[in-house]
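# Tertiary structure, described
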Amino acid sequence: MAMTLAAETATAGGLLTNTNQNIAFLRNPSRDAAIAIDGVYSNPAGVAFLKEGHHLSLNWQLAYQTRTINNSYALFNNNTSNPTDSRKFEGKAFAPVIPSLQYAYNKNNWSFQLNFALVGGGGKCKFDNGLGSFEKIVSETALGACQLAGAVDQVTSTVLGQPTRMFTSDQAFGQQGKYSFSSYMRGRQYYYGLSVGAAYKFNEHLSAFAGVRAVYALANYYGYVEDIKVGNMPLYQVLDPTKSDAANIELNCDQSGLGFTPILGVDYKTGRFNFAVKYEFKTRMRLKNEAVNQTPSIGNLGDNLSKSMVQSLAGAAMQKGMSQEQATAWAMTQAQTVLGNNVVTGAMGQLKSQFDSKLDEAIGEYADGKKIAGDIPSLLTVGVGYNPTNDLRLNVGFHYFDDKHATAYNDRHKKLDRGTMEYNAGVEYDATKCLTVSAGWQNTSYGLTDEYMDDKSFVVSSNSIGVGVKVKLSQKMNLNLAYFHTFYETKNTELNNYKADFTRNNNVFGAGLDIDF
């Protein structure tokens, strides 16, 4: 019943990394060997080959994304509001302003550089009806509650010597595991990155770069599961009948953390070819929780069942002529006998164990004061650029994110088959002295497994295309305009008869201004 989401609006990159940090990338995602001001992120060593002076790039992006999960689970048929075994959950993420800035000052053979961008996250996402994994827990809890109710009524019938349906009647839990509830979730996540570094041009062919990025992570997760009813009985009545919210689960967690990323790069030019390599080391990130959460406990279930039984049995005994005092004493004895029976204590212990385990699995990551591992993986990029003519530029590139060695909560990273691999290619053409047109493609392939997929935060492999133009406004100023779209695959999973199909849809628009002075 967790209410959490890594609300990334990343348009490209690894599991936690945004590589769309300049509009030049949106109009042509193959930038790993490009020599331009956007190279402050994509090819920092190559920036040393720009002319002397100041170079500045200001960028704005707007991203819109939908995330769709189709679930199938037999117990969903017991939902009285939607008695089918299939569900469709759709979340919407919208980031109207994703800013970034790249700056370089070149003097003699040196290039001093600065980059500010959202290196991860970048927006918020909400699911108005919660998620399938939440409903799965509710449905299983409802069935477990009915099984416990059946055990209590069966033992009570044996003890009293007459049929009893105290908890399995249609007015109470019933016998089929019917349930209803309401749910909502929202997540917001921003990873701010500030990089500084310097490149040195050894000669007209070779340059190298060294720098460091500070990453500050800031996130909030909010949501709830409330108004849980099993059959016709609100669940709170057997947890704490004096509090109507006793069975509600509410999450409100802020996370923050700081990490540092060393960065190295090399660029080599020869003839009409340019070769570039960049390596970003793993960023060790520990996120600290500040949470105000509400989680129910069924530790008092036995006491509350006992009170309900005493009230019901005493009422029936008084109707048969017992005094209130006699009836209460008799009812308390019968309730103790029933609830002390091995069948009932076993059923109660199993329900509590399952409930607590699933609750911890769902929201244990967001407990107040907890520090959560959330490393950003190391990244290797390799690019090759070729200029057949002075007006035409061709580029290809490769990225490898070492996700398998980036520590995640509960060692989730170990469930991956491999790290993320990306391939890209692109072309730029100077159509006129004032207009450059460009387009590019990128394939992102994750090492996903069924065990890794989680509807609270998921990715799927994809193909992306970017198109755009660069307009020369003056000798020292260029305007970049671009559109970027990602075509996501569908990841089909099945674990313990619970099916989930994951996919996304993504659109990004961007505008940027490059200034030399």
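Let's shift gears to helix 3 (residues 132-160). Compared with the 42 Å implied by 1.5 Å per residue over 29 residues, the 42 Å span of helix 3 between its first and last C-alpha is a close match. Counting buried residues in helix 3 gives 22 out of 29 residues, a clear majority hidden from the surface. One or two positions beyond helix 3, positive phi appears at glycine 161, with a value near 75 degrees.

Another aspect to go through is the layout of surface pockets. Of the volumes computed, that of the second largest pocket is approximately 1,200 Å³. If you trace the second largest pocket, you find 45 residues lining it, with Ile35, Ala36, Leu50, Arg393 and Lys470 closest to the centre. In terms of residues, the lining of the second largest pocket owes the most to one element, strand 15 (residues 462-474), which gives four residues. Partitioned by chemical class, the residues of the lining of the second largest pocket number 16 nonpolar, 14 polar and 15 charged.

Below, the discussion takes up unusual backbone geometry. Generally, phi is negative for residues other than glycine and the peptide bonds are trans, each holding for most cases. With a phi angle near 55 degrees, aspartate 227 is a residue other than glycine that sits in the positive phi range. Here aspartate 227 shows up in strand 5 (residues 206-230).

Below, the discussion takes up the pairing of strand 7 (residues 249-270). Direction of pairing for strand 5 relative to strand 7: antiparallel, over a ladder of 20 bridges. Residue pairing in the sheet places leucine 206 in a bridge with tyrosine 268 of strand 7. When strand 7 meets strand 9 (residues 286-291), the two strands line up antiparallel, connected through four bridges. Each residue of the ladder has a partner; that of serine 256, found in strand 9, is lysine 288. For strand 7 and strand 8 (residues 273-280), the ladder comprises eight bridges, and the chain directions are antiparallel. Each bridged residue has a counterpart across the sheet, and for lysine 269 the counterpart in strand 8 is asparagine 274. Once strand 7 ends, the chain turns through two residues before running back antiparallel as strand 8, passing glycine 271 with a positive phi of about 60 degrees.

We now examine a nonpolar patch on the surface. On the surface, a nonpolar cluster with roughly 760 Å² of combined accessible area is contributed by Phe116, Tyr192, Leu194, Val196, Val212, Tyr216, Leu218, Leu258 and Phe260. Those elements giving two or more residues to the nonpolar patch turn out to be strand 4 (179-201), strand 5 and strand 7. Owing to a relative accessible area of 48%, phenylalanine 260 belongs among the partly exposed residues under this scheme.

On to the nonpolar core, then. One finds Leu148, Phe173, Leu301, Leu305, Met309 and Val344 to be the most contacted residues of the largest nonpolar core, which totals 71 residues. No other element matches helix 3, which puts eleven residues into this core. Discounting residues that sit within four places of it in the chain, valine 344 has contacts with Leu148, Ala151, Val152, Val155, Val338 and Leu339. Ranked by size, the runner-up nonpolar core spans ten residues in total, among them Leu26, Ala95, Ile98 and Phe484.

Their axes nearest at 8 Å, the elements helix 4 (residues 301-319) and helix 5 (residues 324-339) cross at an angle of 135 degrees. Considering the angle they form, helix 4 stands oblique to helix 5. Seen along the crossing, helix 4 lies across helix 5 with a hand that is right-handed. In contact with Gly302, Leu305, Ser306, Met309, Val310, Leu313, Ala314, Ala317 and Met318 of helix 4, helix 5 contributes Gln324, Ala327, Thr328, Trp330, Ala331, Met332, Gln334, Ala335, Val338 and Leu339.

As a further point, take the side chain of glutamine 113. Mapped onto the elements, glutamine 113 comes out in strand 3 (residues 110-127). Classification of glutamine 113 by relative accessible area gives buried; the value is 6%. Looking at glutamine 113, its side chain comes within polar contact range of the side chain of serine 111, at 3.1 Å. In this structure, glutamine 113 is in contact with Val40, Pro44, Val47, Tyr103, Ala104, Ser195, Val196, Gly197, Ala199 and Phe209, ignoring residues within four places of it in sequence.

When pLDDT is averaged along the chain, the result is 92; 97% of the residues meet or exceed 70. When the criterion is pLDDT under 50, residues 6-10 qualifies, and its contacts beyond four places in sequence or with other chains add up to 37 contacts.

With that settled, the discussion passes to the packing of aromatic side chains. In the structure shown here, the tally under the stated rule is 20 aromatic pairs. When the ring centre of phenylalanine 49 is taken as reference, the NZ or CZ atom of lysine 269 above it lies at 4.9 Å.

This part covers the packing of helix 3 against helix 5. Between helix 3 and helix 5, the least distance of the axes is 9 Å, while the angle of their chain directions is 125 degrees. If you check the angle between helix 3 and helix 5, you find them oblique. Helix-helix and strand crossings are classified by hand; for helix 3 and helix 5 the assignment is right-handed. Across from Val152, Val155, Thr156, Val159 and Leu160 in helix 3, the residues of helix 5 making contact are Trp330, Gln334, Thr337 and Val338. In terms of residue class, the contact of helix 3 with helix 5 is made up of six nonpolar, three polar and no charged.

Cut-offs and rules
- Residues numbered from 1 in each chain as written.
- Predicted model: local features only at pLDDT ≥ 70, side-chain atom pairs only at ≥ 80, totals over all residues.
- Heavy atoms only, no water.
- Helix = DSSP H or I, 4+ residues; strand = E, 2+ residues; numbered from the N terminus.
- Expected span 1.5 Å × (residues − 1).
- Buried < 20%, exposed > 50% of the residue type's maximum accessible area, 1.4 Å probe, protein only.
- 1 Å grid on protein atoms, 1.4 Å probe; cavity = no way out; pocket = protein on both sides within 12 Å on 5 of 7 lines; lining within 4 Å.
- Points joined across faces, edges and corners; volume = space filled by probe spheres on them.
- Nonpolar A, V, L, I, M, F, W, Y, C, P; charged D, E, K, R; others polar.
- Pairing = 2+ DSSP bridges.
- Patch = residues over 30% accessible without salt bridge, like charges linked within 9 Å, V, L, I, M, F, W, Y side chains within 5 Å.
- Areas by Shrake-Rupley, 256 points an atom, 1.4 Å probe, with all protein chains shown as cover.
- Salt bridge = Lys/Arg side-chain N within 4 Å of Asp/Glu carboxyl O.
- Core = buried A, V, L, I, M, F, W, Y, C linked by side-chain atoms within 4.5 Å.
- Contact = heavy atoms within 4.5 Å.
- Axes fitted to C-alpha atoms, helices over the stretch in contact; angles between N-to-C directions.
- Parallel < 35°, antiparallel > 145°, perpendicular 65-115°, else oblique.
- Left-handed = near helix turned anticlockwise from the far one by under 90°.
- Polar contact = N/O pair within 3.5 Å; in protein donor to acceptor, adjacent residues only side chain to side chain.
- pLDDT = per-residue confidence, 0-100.
- Phe/Tyr/Trp six-rings, centres within 6.5 Å; stacked < 30°, edge-to-face > 60°.
- Lys NZ or Arg CZ within 6 Å of the ring centre and 35° of its normal.

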